[in-house]
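Coordinate inspection notes
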Amino acid sequence: MAATAALFIALAPSVQAVWPMPSEYHDGKIGVEIKRSGFMIKSNVTSSSVLNAAIERYQYLIEHEFFDSPYNFNEGALKTSGYIYSLQVDVQSAQDVLDLETDESYILEVPIEGKAALSAKTPFGAVRGLETFSQLIMANSGRKTIKNAPIRIVDAPKFTHRGILLDTSRNFYHVDSILRTLDAMSYNKLNVLHWHVVDAFSWPIESKVHPELTEKGTYSMDMRYSYQDVKKIINYAKNRAIRIMPEFNMPANTFVIGEAHPEIMSCLNKQPNWDKYAVEPPSGQLNIADPRAVSFAFDIITEYSRLFIDLGFHIGGNSINMDCWKEDPVIELYVRDHPGESVESLAVGWFMQMVGKLADMGKIPFLYEEPVLNFNYTSKNTTIMQAWVGEDSVGKLVDKGYRVIASPWNRYRLDCGHGSWLSNFEGSSWCDPYKGWQQIYSYDPLANITEPEKRKLVLGGEVALFSAQSDETTIDRYLWPRASAFAEIMWSGNFDPIMNATRDAAKVAPRLTDQRFRMVARGIMAEPLQPLWCIRYPEACAHPTAAS
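In this text, all values refer to a predicted model and were calculated from it rather than measured experimentally. (Residues numbered from 1 in each chain as written. Predicted model: local features only at pLDDT ≥ 70, side-chain atom pairs only at ≥ 80, totals over all residues. Heavy atoms only, no water.)

Section: the side chain of T181
As a reminder of what qualifies: Only DSSP runs of H or I covering at least 4 residues are called helices, and only runs of E covering at least 2 are called strands; the numbering of each starts at the N terminus. Throughout, exposure labels follow a simple rule: accessible area from a 1.4 Å probe, protein chains only, divided by the maximum for the residue type, with under 20% read as buried, over 50% as exposed, and the rest as partly exposed.
Within the element layout of this structure, T181 appears in helix α4 (residues 175-187). Residue T181 is classed as buried on the basis of its relative accessible area of 2%.

Structure (structure tokens):
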């Protein structure tokens with residue numbers, strides 16, 4: 001046992017377990033203690049509702065959290081030589097505008113005695129710094145301590161778009177589950193919840209313009225989001241420096257619209273050979289030759305552009321099945337009567353109209369990659385493309401001048417690895433296998449993009465949780481801590497400038513484990529990564545071949 005303990009000491013991480021890793025981290029060798037009675041977080045402004053809410057939240061967290069790192073199990077009492085009595089938060093601007101350009105940088109300084117200081121340009125940068133400060137604090141011998149003071153952290157995200165896609169159509173998530181996910185995102189400095197609101201399966205959101213969608217498209221009336229629910233989620237997210245970007249996927253994956261409006265649909269629920277018309281059942285696409293379908297889509301964009309205040313608005317564009325349209329008699333007649341037109345040109349025209357409508361609403365359009373890479377659709381460069389089909393899609397899109405969100409399914413699909421959800425099929429799901437955190441952590445969205453101007457076009461990325469085999473009973477463990485691994489790549493990357501090399505996963509694992517245990521302590525049921533023995537003795541469970 002003594003030999004094992006010595007191994008643990010030798011391999012223990014030498015830096016604080018902050019997640020994600022800050023851009024710059026400088027520390028000393030002195031332990032300090034948080035003053036238990038009277039510790040206060042103060043600010044130079046009181047007019048920011050975001051900052052006020054964050055200070056109240058972290059004041060409570062620091063007072064009540066008593067987190068002890070699992071790899072400190074053999075550690076004795078930390079020698080401390082001073083107290084931290086308060087944290088002073090200073091922001092340059094109290095303006096609470098959260099968008100694609102929001103500054104999230106901060107500087108955090110923890111001395112060996114007295115007052116810690118956090119400075120930021122915006123309240124949202126202060127939110128990030130408060131999370132970092134909370135992670136520095138560890139329980140030790142009945143005290144709350146910070147190791148290795150003095151500490152100076154200069155931090156800012158590498159990418160501006162760091163998101164999670166959550167599908168609420170295949171299976172429903174009650175509001176509390178979404179709010180808990182937003183909490184977990186804030187603990188990992190993620191800043192976008194890409195809300196895949198609807199899909200072929202259900203329409204779980206209130207519509208005041210087309211109430212028949214909700215009446216006929218929800219699984220039940222207690223499985224829908226009211227306007228009030230949406231506004232609550234948006235406000236909750238903003239207080240945690242997170243944007244809510246909606247997606248209303250059109251024209252494919254729209255069977256549920258046909259429940260209320262079959263007259264504007266093509267290939268509606270073709271059975272049993274649904275696979276000829278869709279990537280998954282039930283089939284159905286809006287009829288792109290029918291002016292009523294265009295008018296309906298405009299209604300959806302108009303209504304939900306007003307409800308969702310974020311500038312970003314995603315209109316999908318993936319999983320289009322050409323056979324669905326080519327066999328539709330209305331589309332066949334239209335193409336026959338309009339020489340020079342084709343199904344492909346109709347599809348391009350559809351996206352031109354939808355993007356134009358979003359521009360009229362003052363929104364930034366988001367699209368999946370297929371309209372550009374499959375149909376040669378050329379959009380204004382204000383459109384942001386989401387690359388998901390393959391890792392090389394990122395490079396193809398930036399070569400065309402588009403801003404890009406990287407979401408390659410083979411790295412970032414978190415719902416895969418559970419076999420097929422088709423009831424009579426024993427094979428794998430198309431997106432199997434399960435993606436371990438190491439596979440996520442090793443992916444660099446900028447790989448093979450060498451030109452500086454093109455690298456700037458990669459805004460960030462998203463991990464995706466589509467919900468065919470997930471609901472609120474599984475969401476925590478399917479997302480976390482794998483989404484934490486993604487979060488560090490988006491915030492500071494996986495390159496260690498001191499070692500001039502990509503970080504070794506065995507060295508990363510103790511910090512990620514700490515983050516997992518911290519999240520569990522905060523009510524996020526993140527899945528375990530290793531046996532506890534391995535956690536207590538970092539790197540003792542590294543694979544010999546990989547280590548060599």
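So, next bit.
Let's talk about the side chain of D290
The condition is simple: Contacts were defined at the residue level, with two residues in contact if any of their heavy atoms lie within 4.5 Å.
Looking at the secondary structure, you find D290 in the loop between β14 (285-286) and α8 (291-307). Ignoring sequence-local partners within four residues, the contact set of D290 consists of E263 and I264.

Description of the layout of surface pockets
This is how it is decided: Whether a set of points on the 1 Å grid over the protein atoms alone is a cavity depends on a 1.4 Å probe fitting there but being unable to get out, while an open set qualifies as a pocket with protein on both sides within 12 Å along at least five of seven lines; lining residues are those with an atom within 4 Å of a point. Grid points are joined across faces, edges and corners, and a volume is the space filled by probe spheres set on the points.
The volume enclosed by the second largest pocket comes to roughly 640 Å³. Residue lining of the second largest pocket: 32 residues in total, with R170, V279, E280, R413 and W430 positioned closest to the centre.

Here's the deal with helix α13 (residues 392-399)
Cut-off, in case you're wondering: Within this analysis, the arc is defined by the directions that extend from the helix axis to the C-beta atoms.
Buried residues of α13: S393, V394, L397 and V398, and no others. When α13 is viewed along its axis, its buried side chains cluster within an angular range of 130° and face the same direction. The elements touched by buried residues of α13 are α12 (370-373), β17 (384-387), β18 (403-406), α16 (452-455) and β19 (458-465). Downstream of α13 by one or two residues, G401 has phi in the positive range, about 95°.

Section: the domain arrangement of the protein
For clarity, the cut-off: Where each domain starts and ends comes from a domain assignment, either automatic or drawn from a database. Defined here as a combined quantity, buried area equals the accessible surface (1.4 Å probe) lost by two parts on assembly, summed across both. Criterion for a salt bridge: a side-chain nitrogen of Lys or Arg within 4 Å of a carboxyl oxygen of Asp or Glu. In protein, a polar contact requires one atom able to donate a hydrogen and another able to accept it; more generally it is a pair of N or O atoms within 3.5 Å, and residues adjacent in sequence count only if both atoms are side-chain atoms.
For the protein, the assigned domains read domain 1 (29-155) and domain 2 (161-491). In this complex, domain 1 contributes 17 residues to the contact, which on the side of domain 2 involves 17 residues. Summing both partners gives a buried area of about 1600 Å² for domain 1 against domain 2, and 56% of it is carried by carbon and sulfur. When the buried area of domain 1 at its contact with domain 2 is split by residue, L98, L100 and R128 rank highest and sum to 40% of it. In this assembly, domain 1 and domain 2 are joined by one salt bridge. Between R162 and E104 there is a salt bridge; the shortest N-O distance is 2.7 Å. One can count ten residue pairs in polar contact (both at pLDDT 80 or more) joining domain 1 with domain 2.

Some thoughts on the state of the cysteines
Let me state the cut-off plainly: Cysteine sulfur atoms that come within 2.5 Å of each other are treated as a disulfide pair.
Tallying each qualifying case throughout the model produces three disulfides. Between the sulfur atoms of C267 and its disulfide partner C324 the distance amounts to 1.9 Å. Measuring the twist about the S-S bond at about -90°, one finds the C267-C324 disulfide to be left-handed. Here C324 lies in helix α9 (residues 322-326) and C267 lies in the loop between β13 (265-266) and β14, a separation of 57 residues in the sequence. A single burial state applies to C267 and to C324, both of which are buried. A sulfur-sulfur separation of 2.0 Å characterises the disulfide bridge that pairs C416 with C431. Looking along the S-S bond of the C416-C431 disulfide, the torsion reads about -100°, which is the left-handed sense. With a gap of 15 residues between them, C416 in the loop between α14 (409-412) and α15 (437-441) and C431 in the loop between α14 and α15 connect regions that are remote in the sequence. Here C416 and C431 have matching classes, each one buried.

Re the pattern of salt bridges
This model, assessed by the stated rule, comprises 27 salt bridges. Between E488 and R503 there is a salt bridge whose closest N-O contact spans 3.5 Å. Of this pair, E488 sits in helix α18 (residues 482-491) while R503 sits in the loop between β21 (501-502) and α19 (505-521), placing them 15 residues apart in sequence. Shared partners join several salt bridges into a network, and the residues in it are D167, R170, D199 and E280.

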